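# Structural characterization, general
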Amino acid sequence: MSIQCKEISANPFTISLGSIPLMDYNSFYSQTVQMMKDEPVHCVAYYGVEVNDDLQLICCLADDNNHNFRIYSTMLPVGSNPVPSISMEIPQLQVYEREIHENFGLFFDGHPWLKPVRYPHDRADRDSAMDNYPFYVIEGEELHEVGVGPVHAGVIEPGHFRFICNGEKVLHLEIQLGYQHRGVERILSAGLNGMKRSVICDNIVGDTSVGYALAHAQLIESLAGIQSEAAIQIERCIGLELERIAVHIGDTAALCGDVAYQLGQVVCEALRTEIINTTQFWCGNRFGKGLVRPGGTNYTLDEKVAVKILRVLEDVGKRFAAISDRIYTLPSVVARFEDIGTVTRRQALSIGAVGMAARTCGIRRDVRWSHPFQTYRERSFEPELIETGDVLARGLLRAREVSDSIAFITGLVNDRRGIRDRVSGPDYNLSLMPGSFALSLVEGWRGEICHSAVTDRDGNLIHYKIKDPSFHNWMALALAVREQEISDFPVCNKSFNLSYCGNDL
Amino acid sequence: MYKEIKILRQHGIQYVKDLRRQPVSELFRGRPVISPDITGKEIETISTLCPSGAIDNKYGSIDLGKCVFCRECEFCLKEKIKFTNDYRIAATRREDLVIRPGIDNAVRLNEDVIRKEIRKIFRRSLKLRQVSAGGDNSCEMELNAAGNVNFDLGRYGIEFTASPRHADGIVITGPVSANMAEALKLTYEAVPDPKVIILVGTDAISGGMYSGSPALDRRFIGEHHIDLYVPGNPAHPLTFINGILDLLSVS
């Protein structure tokens, strides 16, 4: 069978809607299966757009090794319900199919479990509600259930975890999310002006504000047919890497806290403070809100900021190296991380894991390498890989990525100093190409963030779709805790530190 | 052991000695100051510009309960608006969060509305249960930071508990999504009387950028007396800490 799809190698990219090959669902099904059998191909976007009364399903696959995207679609006329589910052959599509089902009421025949993704306010089935969700049950005299959330013991986001345990061991973990749903995608498609859209994108996932703002800014720039200047590209990547360093160090503190290694916890907490205060020194916000804007920036990286960044990174780099060396050689700590919460390479591939969750299972999946954006295009970048897939791997990967990012930023800051031009301010009035489909990927600290949009014939945004790396990776956590002691759940959870607000939107 | 000692030496003293007067970087976006001679036309411009509708189109005042601290109004009118780095902006009355043109006074708590039992019972120990309800997780991270090695709010006997049963009140973050409305109500009911309610972050105070979204259900906020408003996007740990210390009258 010949494959019909549009191949694109740029990230971000904009193509006309008309150029996306349209086929019947049967061909859509078979070519999806055919392409996705190939290991390095994973799905970055698969969603429905209502066209009059019909439903157009647009799918975008990313091929990591060939560094390109493949886009194709199918149009389902009214009444074509149900359609065969692809998930049984390609498990990673299960969550996309659930989302399409939840939003449009389309049934996927053969899908093992069309479990609600987030109970959005505009869901197709208004009779269902978050508060009476029927959890998965396994009958058995030896089994008991443990329910946690949505309000957790710590100061964290809401979500419900339902463990089915056999003694102290977890047989099954069900994760139900949606408590953070506030209608982000609907608001972004509601005709807001450029500035409001940018501010919203700062406030979707707070721990990845820079990553989200960047995914949005480069999407809008692509839709406007412009590319930001070199200095801006460098500054954005510095912001993105600072965010990565801050979260990785903060999560190392949390991991140490969970295994009662107080020195590791407090030292890492203090180091994270140093990093986020540097971001605040640069732009007035510890999370980098407001730093990245389409077209330019309000906070250019001047000499004062450059000096501060280099000084702080040198100090933090040394101190973090010392403490992480201690953490990962201390037998009482390593014993709590090693062989705990293991995700196998095969599992990670089948659920479509991205970012850290994939790289700790030996999968080379990093947008900075596979689909480079901004200044990564001009630089060679090698992702860190660890094979073991356990809590220790996720801890060690963070330590290595911190040191890589510090070296990377140091190079970027020096390159930035070489550019004398003044950078432009934001441009909120960019006119967007009409009748287009655009997609942008950014490698945030968790992994691949995908923003995608569709414009109407006047260039208005009529559809805005966001995919957080957690969208796939929550399943990795559910798999990681199987057959583990329930008391190891906290370290497993912290080692991923997945996003609730990014999933719930 | 030698390694640990070396690390501890590098670590040094990290805690902020004086949480009341700790300086923050110059660019930190705190209390804005609006020039008294801002014109009607300028007010119109910035009130239309403001992404969260925080600027009154008649008086030109900025409502910190709605402001998302994006500073876009200042970028538009550099001569007339300046966001200072004054982080002490918590208030006990909603209306005290409104900053009018020509006013450059610190935001202070109105003592008259503070319930007597708050200081009597909680002054030396206040345990709080946090409820995260539809935000972006940045306020939650700042609340965690308030208890970390730097800010160490625990030194005043103020801490977050794991259960509402052990708490003296709740701290709400996020714009209150409809999907969290029931859980928020149940958590509040589980806290024994007397209890306080504290709203942290612009999202919680007004809905912020999500104000008006059909996915929210803010009835709980409207139906209850709020003891403390802590604005910010997110609220800085020092804003939260100073607000609580003022509420409890801890010097």
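Nothing here was measured: the structure is a model prediction, and the numbers come from that model. (Residues numbered from 1 in each chain as written. Chains lettered and ligands numbered in written order. Predicted model: local features only at pLDDT ≥ 70, side-chain atom pairs only at ≥ 80, totals over all residues. Heavy atoms only, no water.)

## Considering the sheet that holds strand E13 (residues 448-455) of chain A
Where strands meet in a sheet, backbone hydrogen bonds hold them as pairs that are either parallel or antiparallel. Residue and element names in this part refer to chain A. Stated precisely, the cut-off is as follows: Strands pair, by our definition, only if DSSP identifies at least two bridges between them. Helical segments are the DSSP runs of H or I of at least four residues, strand segments are the runs of E of at least two, and each set is numbered from the N terminus. Axis definition: a line fitted to C-alpha atoms, over the contacting stretch in the case of helices. Angles run 0 to 180 degrees between N-to-C directions. Here, two residues are considered to be in contact whenever any of their heavy atoms come within 4.5 Å of each other.
Spatially, four strands are ordered E2-E12-E13-E14 in an open sheet, and the strand pairing comes out antiparallel. Two strands in the sheet have a free side with no partner beyond their single neighbour: strand E2 (13-16) and strand E14 (461-467). For this sheet, the mean angle separating the axes of adjacent strands, direction not counted, is 15°. Relative to strand E12 (residues 436-443), helix H5 (residues 209-224) is tilted by about 150°, and along the sheet it contacts E2, E12, E13 and E14.

## Looking at the packing of helix H5 (residues 138-146) of chain B against helix H9 (residues 237-248) of chain B
Residue and element names in this part refer to chain B. Let me state the cut-off plainly: Take the far helix as the reference: if the near one is turned anticlockwise from it by less than a right angle, the crossing is left-handed, and if turned clockwise, right-handed.
Viewed as axis vectors pointing N to C, H5 and H9 meet at an angle of 65°, and their least axial separation amounts to 8 Å. The hand of the H5/H9 crossing is right-handed. Counted together, Glu142, Leu143, Ala145 and Ala146 of H5 and Pro237, Phe240 and Ile241 of H9 form the full contact between these two elements.

## Let's talk about the interface of chain A and chain B
Where interface size is given, it is often the accessible area lost as the parts come together that is meant. Going by this rule: Accessible area that two parts lose when put together, evaluated with a 1.4 Å probe and summed over both, is termed the buried area. Salt bridges are counted wherever a side-chain nitrogen of Lys or Arg sits within 4 Å of a carboxyl oxygen of Asp or Glu. Counted as a polar contact is a pair of N or O atoms within 3.5 Å, where, for protein atoms, one must be capable of donating a hydrogen and the other of accepting one, and residues adjacent in sequence contribute only when both atoms are in side chains. Residue classes follow a fixed rule: Ala, Val, Leu, Ile, Met, Phe, Trp, Tyr, Cys and Pro count as nonpolar, while Asp, Glu, Lys and Arg count as charged, and any other residue, Gly among them, counts as polar.
Across the contact, 62 residues belong to chain A and 59 residues belong to chain B. Both faces considered, chain A and chain B share a buried interface measuring about 4,900 Å² in area, 55% of it formed by carbon and sulfur atoms. The largest share of the area that chain A buries against chain B comes from Val151, Val155 and Arg182 of chain A, three residues that together contribute 14% of it. Remark: the boundary between chain A and chain B carries five salt bridges. A salt bridge links Asp136 of chain B to Lys289 of chain A, with the shortest nitrogen-to-oxygen separation between them at 2.8 Å. Connecting chain A to chain B are 33 residue pairs in polar contact (both at pLDDT 80 or more). Elements that contribute at least two residues to the side of chain A that touches chain B include exactly helix H3 (184-188), helix H4 (194-202), helix H7 (262-283) and helix H8 (303-327) of chain A. It is H7 of chain A that provides the largest number of residues to the side of chain A that touches chain B, a total of 11 residues. Class assignment of the residues belonging to the side of chain A that touches chain B gives a composition of 31 nonpolar, 16 polar and 15 charged.

## So, the domain arrangement of chain B
Residue and element names in this part refer to chain B. How we decide: What marks off one domain from the next here is an automatic or database domain assignment.
The domain architecture assigned to chain B consists of domain 1 (32-86) and domain 2 (111-248). Just the C-alpha atoms count here: the centres of domain 1 and domain 2 sit 27 Å apart. In this assembly, eight residues from domain 1 lie in contact with eight residues from domain 2. Of the roughly 600 Å² buried at the junction of domain 1 and domain 2 (both faces included), carbon and sulfur atoms supply 68%. The largest share of the area that domain 1 buries against domain 2 comes from Gly65, Val68 and Phe69, three residues that together contribute 60% of it. At the boundary of domain 1 and domain 2, one finds zero salt bridges. Between the two partners, domain 1 and domain 2, sit three residue pairs in polar contact (both at pLDDT 80 or more).

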